[in-house]
Amino acid sequence: MKGKWIGQPIKRNEDPRLLTGQALYVDDVDMPGMLHAAFLRSDYAHARIRSIDVSAARARPGVVAVYTAEDMADFWRPGPLIVPPPRNVEGIVFHARTQIPMVKDKARHIGDPIAVVIAESRYIAEDALEDIVVDYEPLEPVVDMERALEPDAPLVHDDLDSNLAAHVVQEKGNYEAARAKADVVIKRRILVDRGAAAALENRGVVAHWEPKSQQLTVWDTTQAPIPIRNGIAAMLGLSEHQVRVIAPFIGGGFGPKIMMSQPEEVLVPWAAMKLNRPIKWIEDRRENFIGTTQERAQIHDVEMALTRDGRVLGVRDVFLHDTGAYDPYGLTVPLNTQSHGLGAYDIPNYYTEFKVVFTNKMIVTPVRGAGRPQGIFVIERMMDLAAKELGMDRAEIRKRNLIPPDAFPYRQEIIDQAFIELVYDSGNYLPVLEKAMAMIGYDRFIEEEQPRLRAEGRHVGLGLVTFVETTGVGPYEGARVSVESSGKVSVVTGVGTQGQGHFTSFAQIVADQLGVDVRDVRVVTGDTAQFHWGTGTFASRGAVVAGNAVKAAAAGVRAKILKLASKVLETPEEELELVDGQVRVADIPERSISLGELAVMANPLRGAVEPGTKPGLEATDYFGPQYGATASGAVAMIVEVDPETMMVEIKRFVIAHDCGTVLNPMIVEGQIHGGVSMGIGNSFYERLVYDDNGQLLNASLMDYLLPRSTDMPRRIEIAHLETPSPLNPIGSKGVGEAGAIPVPSAFAQAVEDALADYGVEILETPLSPNRLFELLSARG
Amino acid sequence: MHTPTPGLPEFDYVKLTSLAAASQFLAEHAGEARPFMGGTDVFVRMRDGFWKEKYIVDVKGLDGMDEITFDPATGLTIGASVNMNRVIASPEVNQHYPVLAEAAHTVASYQLRTRATIVGNVCNASPAGDTIGACLVLNGTLRVHGVDGVREEPLSTFFVGPGQTVLKPGDIATAVSFPLPPEGYAARYIKLGRNAIGDLAIVGVAALGYPDSSAPSGYRFRLALASVAPVPLVPTQAEAILAEKPITEATIAEAARAAMDACTPIDDVRGSARYRKLMVRNLTRKAVTEVWERIKG
Amino acid sequence: MALHRITLTVNGETELVDVPSNMTLLRMLREKLVLTGTKNGCSAGECGACTVIMNGEPVNSCMVLAVECDGAEITTVEGLAHDGQLDPVQEAIVEQGGVQCGFCTPGILISSRALLNRNPNPGDYEIRDALVGNLCRCTGYLRIIDAVKEAAQRRSVVAS
């Protein structure tokens, strides 16, 4: 679906405020009499709390209150299970242990909150943290996933028999039967380690209780304002209408800001009501490393059964998933891994089993990619190993196994994170792969360039992978579109926005429907006082789910406009057109009326409104997809490795991508660029290093490396292919995580290829110069 | 246990009008006062709770510390307040001591280098200090203003332990100076981090070589290594090999191995001790080879 | 803790401020002068979100004491536009799609302006090198680098 505005690289409506320092972020909220909160967090990964003495902290001048779990009395309760386990998976085991607001009995990870100080300034609050005396009884921590499941392992949750949080088995076809028929079976252990989301803006909350109006206002760095509003209301015993959550400009989300009812989000509003004063809490960078959720650690034992000519008959993947100390986000991440374990390939038999493990580490919830990069890493690495084993070209083995275009909708016969059967709605994978190969010059590189460079002693390698991205899952989003008497249009929706350009792409959708300039459409997101139905921005669903809700609401307004204009202009609706903010008779453009005038007529101050007519040029509508839309792509990259140091340089990076209808290519490419940079981080720079005591050794931006300007390739070459999704009127699929998903697998393949003469096999991500060196040393 | 916080702890900022007064103040408040220049290390360590001084004494710009001067007869002096970006941009540095600019350029970021200084880097005595190796191979000397007056401290004997130097309470380093470099010399600083630019050094290798007919090989090399020992390390055995034996690929490799053997690195998030040792070998070989290519007749 | 009275120029305006010793320039800008465009991402000189121009050169304002700024001239993101006219870097970053969440943007704009002031025609490497101290998690940097190149070509008014 293209239009005058949809599909165009429109400059973003939101940018002027961002450029001049005028955009409001949570830390910019200031109120008279505002207090400041600081949290005391556990220094131990696993320790019983014998006692907490806060008396000295309370006595410090400027300290208004100090609270521990005990002070919360009945308000202390574990947070909600945000995502329950699917009920339609047979034999599923799931032990819900949701995040607690403050430690009562024992600390279960470094950074677990133990007390909160509220003071006249942040600096006093921080100083008072030093006054608190905690008597810890250190316990043996559980850090390693496999160790955690040993019978004599210490328990993260004493009331459970083991550290098993969940166990899920799903099967498509019959792997064992397929294996029996296979010519070749390949077995490997593949590891993915932890990384951080590391949004540039740390988390933050400001809460303000107005006793006279009995209203609580909360500014929150959240990706999901409406669920947070509901959670806060429930916890504090308020009506949902008494709580207004505002997610203003958010400095990047990437997953953890979808987590709701985190300790700080609960405690700051609670304390604000208790003390009758506005309170601000802004996370510092170290807290962001030890107190904000993380992702990715899994251990896969995987088997692939193939015929001699490279047809994959089946895959068996048994993996452990580290959920950290609690599992409030249910099984979203490991289910996503299962859903992506077959990648873009038509593989008839799939046995997939995972165990989720509690450990004394920070809680795991989705981070951009959310389990998908792990699934793609495993299947793509296995494809490479199979190609080697069979002496086949890596592109050829992929081509032989891609899902053919006539097989859509393609059923995977397993339950996915949306609790329904995973079905790839549409796609055309071969042209995507071929496009990437053509862009990188695959044949020429393999046949000419690489041999020539190798002869010069250079270690250059190519990576070529395909991927899918399940996106745009339900349940639903909603939007309200109104034409104001000025003729300008306002759009409100419940999703929050963290830089994805919703202010612009939603405006483009509305501009096309109503024939107005995109700059005359004002979009409001993330304010529960403006719209209060919806879930949030996650799982690459904003443009798909909220975008289609916006379109439906705009279509409703369009219908109202036409109906009213038809009467006013005494012309049948079919003969009217909406152009330049006017409704006009198609053949007689001078017979027209502006949308503003119509808006006034639709909302008269006197007279009668016809029965059955709702006032105003306004409509509210919702969209919920039947199931998610699956995007696809292929990445090709060329790297060079310095054999002296094992430093890797990305020489070229190509991505061919199909996310259905592209609303705004500039925004889509921006999403891909950002995802790729995180993928590069997940490939070579970003690994959270926990020691045997569960201490995080690199809890700063000095020690935990994010990719910098000098780590990016010179260009990211992008090709868009468009197979519109049949599941939504716009035909869009999500793109928010696309870049992050394929990069580690492409990077590993390229590095392995570059180091071909060392015979090294890469079965893990992220790598580092040091880790590559170790892998080479192990080969001898 | 300390709690790292984004706010700086309480202290009093002290700015005095002369070096003498500053030295006096620092000596009188030994143990509770610390001089600072750009603060790039001081503020981080105070935030992390490692340093809890009561007084922070700003010694920037006192008594002509803000100059770079080059004298063709005696050499280069860089005042303690001169930031690294000025060193990188200095024509005198680039003409006569380019390795100083090369090393400074590997430090952090441009905006941090607006505040970071060579003298500060030296006085913090971090084993990972990127400019220290260059200062060592250039035979740098620190000018120190103490309560008893001004003295010179050669860098070769300056470092005592990680973060520890021979400086005493009341001492303020006012400049680092370098003699004229040897005729026909060349030098390099090679830094290895986990990324292209911006990381702290996994290892850093500074190498300087020059023709010297008094050496059996006809050349002398000075080497200094970062991040591989508790103090910036000079691998004297490696230097001796390069002075004694005819410079060949094999001699350079032998010296590189000697440099590796001199190291006592640790494991940390940047790299293992083993990786560090081998990188010292590889990068010493590379640095010496490159210098050799430029100085051989 | 004693207060220090300092006078400085921020975005062309003279300001008289009383600051405690341990107040950073970042805090003073955000809390005392309510110039909240300058962002706090790490308080350790690593992320660059707090970059401002001080006496003509970019600094991490979290690593400078306010009291050190007596007599200084500071430019923040709020001061980049002149007479309603955006700085070429501001214009180019919109054209090129170099803004996403916007949190790193103020620091990026300041570092870029400072680069163009000292080098009106930077090459690709020089731009990347100048931005090493500005982390961005959304854009992958390439659009920002393109924006600096475009701004250089515009050769327009130069902010101080």
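Treat the numbers as computed from the prediction; the structure is a model and nothing was measured. (Residues numbered from 1 in each chain as written. Chains lettered and ligands numbered in written order. Predicted model: local features only at pLDDT ≥ 70, side-chain atom pairs only at ≥ 80, totals over all residues. Heavy atoms only, no water.)

S.K.: When you look at the interface of chain A and chain B in this model, what are you seeing that I'm missing?
M.R.: Interfaces are often sized by the accessible area lost when the parts come together. The interface of chain A with chain B comprises 27 residues on the first partner and 27 residues on the second. When chain A packs against chain B, close to 2,400 Å² is buried across both sides, 58% of that on carbon and sulfur atoms. Interface area lost by chain A to chain B is led by A:Glu644, A:Asn770 and A:Phe773, which between them contribute 22%. Where chain A touches chain B, the interface holds two salt bridges. Of the charged contacts, one joins B:Arg285 and A:Glu644 as a salt bridge, the two residues approaching to 3.0 Å between their closest N and O atoms. Seen at the junction of chain A and chain B, the total is nine residue pairs in polar contact (both at pLDDT 80 or more). At the level of secondary structure, the elements contributing two or more residues to the side of chain A that touches chain B comprise α4 (122-129), α18 (665-685) and α20 (769-779) of chain A. Of all the elements, α20(A) adds the most residues to the side of chain A that touches chain B, at five residues. In terms of residue class, the side of chain A that touches chain B is made up of eleven nonpolar, five polar and eleven charged. (Contact = heavy atoms within 4.5 Å. Buried area = accessible area lost by both parts, 1.4 Å probe. Salt bridge = Lys/Arg side-chain N within 4 Å of Asp/Glu carboxyl O. Polar contact = N/O pair within 3.5 Å; in protein donor to acceptor, adjacent residues only side chain to side chain. Helix = DSSP H or I, 4+ residues; strand = E, 2+ residues; numbered from the N terminus. Nonpolar A, V, L, I, M, F, W, Y, C, P; charged D, E, K, R; others polar.)

S.K.: For this particular structure, what's the right way to read the interface of chain A and chain C?
M.R.: Taken together, the contact between chain A and chain C spans 49 residues of the former and 42 residues of the latter. Between chain A and chain C lies a buried interface of about 3,900 Å² when both sides are counted; carbon and sulfur atoms form 57% of it. On inspection of chain A and its partner chain C, the count reaches eight salt bridges. Here A:Asp27 makes a salt bridge to C:Arg30, at a shortest N to O gap of 3.4 Å. Residues belonging to the side of chain A that touches chain C are distributed by class as follows: 21 nonpolar, 15 polar and 13 charged.

S.K.: It is not clear to me how the sheet that holds strand β9 (residues 184-192) of chain A should be interpreted in this structure. Could you clarify?
M.R.: Two strands in a sheet stick together by hydrogen bonds in their backbones, pointing the same way (parallel) or opposite ways (antiparallel). Residues and elements named next belong to chain A. Strand order in the open sheet formed by seven strands is β4-β8-β18-β17-β16-β9-β32, with mixed pairing between adjacent strands. Looking at which strands have only one partner, the edges of the open sheet turn out to be β4 (93-94) and β32 (764-765). With eight bridges joining them, strand β8 (residues 164-172) and strand β18 (residues 349-358) adopt antiparallel strand pairing. Counted as the bridge partner of Lys-172 is Tyr-350 from β18. Seen against the sheet, helix α10 (residues 332-339) touches β8, β16 (298-306), β17 (312-324) and β18 and runs at an angle of roughly 160 degrees to β18. (Pairing = 2+ DSSP bridges. Axes fitted to C-alpha atoms, helices over the stretch in contact; angles between N-to-C directions.)

S.K.: Teacher, can you tell me more about the packing of aromatic side chains here?
M.R.: Here the distance between the centres and the angle between the planes together describe a pair of aromatic rings. What the rule picks out here adds up to 23 aromatic pairs over all chains. Ring centres 5.4 Å apart and planes at 75 degrees place the aromatic pair A:Phe684 and A:Tyr685 in the edge-to-face group. Neither residue differs from the other here; A:Phe684 and A:Tyr685 are each classed as buried. An angle of 85 degrees between the planes, with centres 5.2 Å apart, marks the rings of B:Phe158 and B:Phe159 as edge-to-face. Each member of the pair, B:Phe158 as well as B:Phe159, is classed as buried. A network of ring pairs unites the aromatic residues A:Tyr25, A:Phe249, A:Phe503 and C:Phe103 as a single cluster. (Phe/Tyr/Trp six-rings, centres within 6.5 Å; stacked < 30°, edge-to-face > 60°. Buried < 20%, exposed > 50% of the residue type's maximum accessible area, 1.4 Å probe, protein only.)

S.K.: How do you make sense of a negative patch on the surface when you look at a structure like this?
M.R.: All names here are of chain A. The grouping of Asp-393, Asp-443, Glu-447 and Glu-448 at the surface amounts to a negative patch. With respect to the secondary-structure elements, Glu-448 resides in helix α14 (residues 442-455). By relative accessible area, Glu-448 is classed as partly exposed at 48%. (Patch = residues over 30% accessible without salt bridge, like charges linked within 9 Å, V, L, I, M, F, W, Y side chains within 5 Å. Areas by Shrake-Rupley, 256 points an atom, 1.4 Å probe, with all protein chains shown as cover. Lys, Arg positive; Asp, Glu negative; His and termini not counted. Charge placed at Lys NZ, Arg CZ, Asp CG, Glu CD.)

S.K.: How should the sheet that holds strand β13 (residues 243-246) of chain A be read in this particular structure?
M.R.: All names here are of chain A. Read across the open sheet, the seven strands follow the order β3-β6-β1-β14-β11-β12-β13; overall the sheet is mixed. Across the chains shown, the open sheet's two edge strands, defined by having one partner strand only, are β3 (63-68) and β13. Each adjacent strand pair in this sheet contributes to an overall mean axis angle of 20 degrees, direction not counted. For strand β12 (residues 215-220) and β13, the ladder comprises four bridges, and the chain directions are parallel. Bridge pairing links Trp-219 to Ile-246 in β13. Against the sheet, helix α7 (residues 225-236) engages β12 and β13, with an angle of about 145 degrees to β13.

S.K.: Would you explain the packing of helix α10 (residues 249-262) of chain B against helix α11 (residues 273-295) of chain B in this entry?
M.R.: Between two packed helices, what matters for the description is the angle formed by their axes and the separation of those axes. Residue and element names in this part refer to chain B. Contact pair α10 / α11: the axes reach a minimum separation of 8 Å and the direction vectors enclose 140 degrees. Between α10 and α11, the crossing angle belongs to the class labelled oblique. Here α10 and α11 pass one another in a crossing that is right-handed. Between α10 and α11, the contacting residues are Ile-252, Ala-253, Ala-256, Arg-257, Ala-259, Met-260 and Asp-261 on the first element and Lys-277, Leu-278, Val-280, Arg-281, Thr-284, Arg-285, Val-288, Thr-289 and Trp-292 on the second. Taken together, the residues of the contact of α10 with α11 break down into nine nonpolar, two polar and five charged. (Parallel < 35°, antiparallel > 145°, perpendicular 65-115°, else oblique. Left-handed = near helix turned anticlockwise from the far one by under 90°.)

S.K.: Help me out: how do you make sense of α10(B) in this one?
M.R.: For an α-helix, the turn length of 3.6 residues means that residues three or four places apart are oriented alike. Residues and elements named next belong to chain B. Its 14 residues place the ends of α10 20 Å apart at the C-alpha level, agreeing with the 20 Å of an ideal helix rising 1.5 Å per residue. Among the residues of α10, Thr-251, Ile-252, Ala-253, Ala-255, Ala-256, Ala-258, Ala-259 and Met-260 are the ones counted as buried. In this structure, the buried residues of α10 make contact with β13 (219-226), α9 (236-244) and α11. (Expected span 1.5 Å × (residues − 1).)

S.K.: I tried to follow the domain arrangement of chain C on my own but got confused; where do I start?
M.R.: Residue and element names in this part refer to chain C. When the domains of chain C are assigned, the result is domain 1 (3-79) and domain 2 (88-159). A C-alpha centroid distance of 21 Å is found between domain 1 and domain 2. Contacts between the two partners involve 15 residues from domain 1 and, on the opposite side, 13 residues from domain 2. Here domain 1 meets domain 2 over a buried area of about 1,100 Å², counting both sides, of which 67% is carbon and sulfur. For the pair domain 1 and domain 2, the number of links is three residue pairs in polar contact (both at pLDDT 80 or more). Its residues placed into classes, the side of domain 1 that touches domain 2 shows six nonpolar, seven polar and two charged. (Domains from an automatic or database assignment.)

S.K.: Quick question: what am I supposed to make of the nonpolar core here?
M.R.: In globular proteins that are soluble, nonpolar side chains generally tend to be buried together. Judged by nonpolar contacts, the single largest core of 274 residues is most densely connected at A:Leu514, A:Ile561, A:Val583 and A:Leu772. In terms of residue count, helix α16 (residues 542-569) of chain A provides more of this core than any other element does, twelve residues in total. Taken domain by domain, the makeup of this core includes at least three residues from each of domain 1 (3-79) and domain 2 (88-159) of chain C. Residues B:Ile132, B:Ala134, B:Leu138 and B:Leu155 belong to the second largest nonpolar core, which totals 53 residues. (Core = buried A, V, L, I, M, F, W, Y, C linked by side-chain atoms within 4.5 Å.)

S.K.: How do you make sense of the pairing of strand β22 (residues 477-483) of chain A when you look at a structure like this?
M.R.: One face of the sheet, then the other: side chains in a regular strand alternate in exactly this way. Residues and elements named next belong to chain A. Within β22, six of the seven residues are buried, leaving the element largely enclosed by the surrounding structure. Taken together, the six bridges between β22 and strand β28 (residues 618-623) define a ladder with antiparallel strand orientation. By the bridge assignment, Gly-478 is partnered in β28 with Tyr-622. Bridge count between β22 and strand β23 (residues 489-493): five bridges; the pairing is antiparallel. Bridged to Ser-482 within β23 is Ser-490. Between β22 and β23, which pair antiparallel one after the other, the connecting turn spans five residues, and Gly-487 there sits at a positive phi close to 90 degrees.

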